[in-house]
Amino acid sequence: METIEKLAAENAVVIFSMSSCCMCHAVKRLFAGMGVSPAIHELDEDPRGKDMELALTSLLGPSTASPVPTVFIGGKLIGSMDTVMALHINGSLVPLLMEAGALWL
Amino acid sequence: MNGQAEVEACCEEMRTDNHRVGETGLSNSATSSQTLPYGIHGISPSPTNFFDHEGSSYFGELEEALMQGVVDRKVFLTTRPPTLEIFPSWPMRFQQTSKNSQSAESTDSGSALNTISQLESDSPVSRKTSPDQSTEQPVPHMMIMSRTGEAENHQPKSQEKRRLISERDGRPLDAKTLRRLAQNREAAKKSRLRKKAYVQQLENSRVKLAQIELDLHRARSQGLFLGGVGASASASATMSSGAAVFDIEYARWLDENLKHMMELRNALQTHLCDNDLRIIVDECLVHYDEFFRLKGIATKADVFHLITGMWVTPAERCFLWLGGFKPSELLKIITSQLDPMTEQQLIGICSLQQSSEQAEEALTQGHDQLQQSLAETVANGCLCETTINNVGNNVYMAHINNQMAIALEKLDNLQSFVLQADNLRQQTLHQMRRILTIRQAGRCLLAIGEYYGRLRALSSLWATRPRENLFTEESACPATTDLQIFHHQVPHFSAF
């Protein structure tokens, strides 16, 4: 859990992902399309991956299907793909990114 | 002269005794009094074939009188089939006449009585009335009298009969008789009510059946758009239950949506006040939320059904993206409806357009990667075949199974993409509602509804267009077909 928090605080936008996960790929493409360059941590390539997965599952809650992808902006937990998309559609994602310093207008 | 025929029928039945009943294959009761079904068979040609156990000279006289006038009716009566006559006309008349003619009663034998009770009720009910038979003695006589009273040309004869009955009986009307008569009336009334209830039950079931058939037809007609003629039977047969359920729900949703659209159109045309319009618009949005909820369930049940577009018409299927509409495309369609817009609204719509395009792009790319990875997994199976074959079949099969398992896992991911796409659609609709004024939002929702209505109409026109190379020149004229379709599709054509 501490690893997660530590890593999440290191960058403006942090994505926990898995190389084999296609939804993670979608999230990465979304941020790339907006001009953001997030810090990506592939859990399947990390020795502590399993623990981090468990920590993420507990963070996200029981309703989420998968621990990845999980997005942190400005050190704060944002959530999974549906949360990110909802925020983007209602126009609040860009202000968040700007606030965290990931985007400059 | 229905009354005449039925009186004769009644007489015929009374006349027929037990072995006669057996001969004609009619039901037989174990009680002393006979049980005769409603339908009449094997009417005795001889008027002298009375049942004897009550000294029924009365019946002979009655019969002769009747036979004089109704010989030609025999054919009609003999041909009456032994069916369950649920809606006979004449027993209902019994109710009135029995109440009327309670004056002259007789205590004559009971088999005729049973006949009457049988005639009044259909077979399932009649079985219940069999215990009542022994008490239902004098009614038929009353009935006969009253019924002959109805027949015009039997007036003189009926009076004759009334005299005959009272003369013949000779016994005064005592309490026992009266009680029996009352019981008889009660039993007759009960059997009438039972019959009524049964008929009502049948009617309800019929209505339910019609409703179910309609639903099924709608679901099938969704299946009919699966790529033209001939696919419907096979398609609906191979549909999973989740898909079938969704199709039915979707058909119902479409009907509801049509109602909402009409309400909305009406509200916009009559320039309803904003508060009322808001209620209608919010109702529409709630209905769309319901649609996404149904889709969510269907995605988890059968994602292929949604993603292959088997639930929409062919024209809609052309524009399908991840199991539904593309939000940015929809926004392009409705922006034309939105003029005039304030600066703020314009900015809002443009940014909504942009963000939905970005989200769509991201999902598309993720989906493409999924497809690629799936293809590789399935292809890997083939490649390994050649290398592993030497080692042995078991290893080969294990490898194939492993690859299949991986492939199945990847297919699971497909569900999450469709779910995300639906989430995007829902969010876009809600955001649109937030940005716009209530009138604009109403116009947008109406435009969306009309657009899809037209696409569906286009599909059915396409499906039913005459194909000249298949048909001969003498067959269906194109104009007629199109007009027929047009007429059939009137609800969807409203905005054409």
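Treat the numbers as computed from the prediction; the structure is a model and nothing was measured.

**Points about the overall build of chain B**
When its secondary structure is counted, chain B shows 20 helices and zero strands. Evaluated residue by residue, chain B yields a buried proportion of 47% over its 496 residues. Contacts in chain B between residues far apart in sequence, at least 24 positions, make up 78% of those at least 6 positions apart. Carbon and sulfur atoms form 57% of the exposed surface of chain B, whose accessible area is close to 25200 Å².

**Focus on the pattern of salt bridges**
Residue and element names in this part refer to chain B. Here the structure, examined in full by the defined rule, presents 17 salt bridges over all chains. The partner of R252 in a salt bridge is D215, with the nearest N and O atoms 3.6 Å apart. Highlighted residues: R252 in helix α12 (residues 241-269) and D215 in helix α10 (residues 175-224), separated in sequence by 37 residues. The closest approach of N and O atoms between R433 and D282, which form a salt bridge, is 3.1 Å. In this pair, R433 is assigned in helix α18 (residues 393-435) and D282 in helix α13 (residues 274-301), connecting sequence segments 151 residues apart. One continuous salt-bridge network, built from bridges that share partners, spans D215, R218, E249, R252 and D255.

**A few points about the UniProt feature "domain: BZIP" (unreviewed entry) in chain B**
As annotated in UniProt, the feature "domain: BZIP" (unreviewed entry) corresponds to residues 174-211 of chain B in the numbering used here. Within residues 174-211 of chain B, the helical portion is 97% and the strand portion 0%, while the C-alpha atoms at the span's ends are 56 Å from each other.

**Considering the interface of chain A and chain B**
Contact residues are listed per partner, giving 16 residues for chain A and 20 residues for chain B. In this assembly, chain A and chain B are joined by zero salt bridges. Put simply, chain A and chain B have four residue pairs in polar contact (both at pLDDT 80 or more) between them. Elements with a minimum of two residues in the side of chain A that touches chain B: α2 (22-34) and α4 (81-89) of chain A. For the side of chain A that touches chain B, the per-class residue count stands at 10 nonpolar, four polar and two charged.

**Some words on α12(B)**
For α12(B), built from 29 residues, the straight-helix expectation of 42 Å at 1.5 Å per residue is met to within 8% by its first-to-last C-alpha distance of 42 Å. A positive phi of about 55° marks H271(B), the residue just after α12(B).

**Here we look at the pairing of strand β3 (residues 70-73) of chain A**
Residues and elements named next belong to chain A. Neither face of β3 is left uncovered, since the one carrying T70 and F72 and the one carrying V71 and I73 both have all their residues buried. Of the strand pairs in this sheet, strand β1 (residues 13-17) and β3 are connected by four bridges, and their pairing is antiparallel. When the bridges of β3 are listed, F16 appears paired with T70. Relative to strand β4 (residues 76-79), β3 runs antiparallel, the two being bridged by three bridges. Within β4, the position partnered with V71 by the bridge is G79. The hairpin formed by β3 and β4 contains two residues between the paired strands, and G74 there has a positive phi angle of roughly 60°.

**A look at the packing of α4(A) against helix α5 (residues 93-100) of chain A**
Each packed pair of helices is defined by two parameters, the angle between the axes and the distance between the axes. Residues and elements named next belong to chain A. Two elements in contact, α4 and α5, have axes whose closest approach is 6 Å; the angle formed by their N-to-C orientations is 100°. Classed by the angle they form, the pair α4 and α5 counts as roughly perpendicular. Residues V84, L87 and H88 of α4 pack against L93, V94 and L96 of α5. Across the contact of α4 with α5, the residue classes break down as five nonpolar, one polar and no charged.

**Observations concerning the nonpolar core**
Within the largest apolar cluster, 93 residues are counted, with the highest numbers of intra-cluster contacts made by F16(A), F31(A), L97(A), L264(B) and L363(B). The biggest single contributor to this core is α13(B), with 10 residues. Residue contacts for L264(B): discarding those within four places in its chain leaves L277(B), I280(B), V281(B), C284(B), G442(B), L445(B) and L446(B).

**Describing the sheet that holds β3(A)**
Strand-to-strand pairing in sheets goes through backbone hydrogen bonds, with the strands running parallel or antiparallel. Residues and elements named next belong to chain A. The mixed open sheet is built from four strands, whose spatial order is β2-β1-β3-β4. Of all the strands in the sheet, the pair left with one neighbour each is β2 (39-42) and β4. Direction aside, neighbouring strands of the sheet carry axes that sit 25° apart on average. Contacts from α5 reach β1, β3 and β4, with the element oriented near 55° to β3.

**Brief notes about the packing of aromatic side chains**
All told, the structure shown has 11 aromatic pairs over all chains when counted by the stated rule. Each ring, one from F16(A) and one from F72(A), has its centre 5.7 Å from the other, and the planes form 85°; the classification is edge-to-face. One end of the pair, F16(A), is in strand β1; the other, F72(A), is in strand β3, and 56 residues separate them in sequence. Across the pair, exposure class does not vary: F16(A) and F72(A) are buried alike. Here the aromatic rings of F291(B) and F292(B) are separated by 5.4 Å at their centres, their planes lie at 50°, and the arrangement is tilted.

**A short note on the packing of α12(B) against helix α19 (residues 438-464) of chain B**
All names here are of chain B. Contact geometry of α12 with α19 gives a least axis separation of 10 Å together with a crossing angle of 135°. Taken together, α12 and α19 sit at an angle that is classed as oblique. For α12 against α19, the interelement crossing comes out left-handed. Note on element contacts: α19 touches α12 through R439, G442, R443, L445, L446, G449, E450 and R456, opposite Y250, L254, M261, L264, R265, A267 and L268. Partitioned by chemical class, the residues of the contact of α12 with α19 number eight nonpolar, two polar and five charged.

**Re the pairing of β1(A)**
Residues and elements named next belong to chain A. Across the five residues of β1, five count as buried, placing the element largely inside the fold. Neither face of β1 is left uncovered, since the one carrying V13, I15 and S17 and the one carrying V14 and F16 both have all their residues buried. As paired elements, β1 and β2 share four bridges and run parallel to each other. Looking at β2, one finds that V14 is bridged to A39. Remark: the β1/α2/β2 crossover connection has right-handed handedness.

**Some remarks on a nonpolar patch on the surface**
Judged by side-chain polarity, M1(A), L59(A) and L77(A) come together as a nonpolar surface patch covering roughly 220 Å² of accessible area. Within the secondary structure layout, M1(A) lies in the segment before α1 (2-10).

Each value, and the rule that gives it
Residues numbered from 1 in each chain as written. Chains lettered and ligands numbered in written order. Predicted model: local features only at pLDDT ≥ 70, side-chain atom pairs only at ≥ 80, totals over all residues. Heavy atoms only, no water. Helix = DSSP H or I, 4+ residues; strand = E, 2+ residues; numbered from the N terminus. Buried < 20%, exposed > 50% of the residue type's maximum accessible area, 1.4 Å probe, protein only. Contact = heavy atoms within 4.5 Å. Areas by Shrake-Rupley, 256 points an atom, 1.4 Å probe, with all protein chains shown as cover. Salt bridge = Lys/Arg side-chain N within 4 Å of Asp/Glu carboxyl O. UniProt positions renumbered as here; feature names shortened; annotations may be inferred. Polar contact = N/O pair within 3.5 Å; in protein donor to acceptor, adjacent residues only side chain to side chain. Nonpolar A, V, L, I, M, F, W, Y, C, P; charged D, E, K, R; others polar. Expected span 1.5 Å × (residues − 1). Pairing = 2+ DSSP bridges. Axes fitted to C-alpha atoms, helices over the stretch in contact; angles between N-to-C directions. Parallel < 35°, antiparallel > 145°, perpendicular 65-115°, else oblique. Core = buried A, V, L, I, M, F, W, Y, C linked by side-chain atoms within 4.5 Å. Phe/Tyr/Trp six-rings, centres within 6.5 Å; stacked < 30°, edge-to-face > 60°. Left-handed = near helix turned anticlockwise from the far one by under 90°. Right-handed = clockwise from strand over helix to strand, strands pointing away. Patch = residues over 30% accessible without salt bridge, like charges linked within 9 Å, V, L, I, M, F, W, Y side chains within 5 Å.

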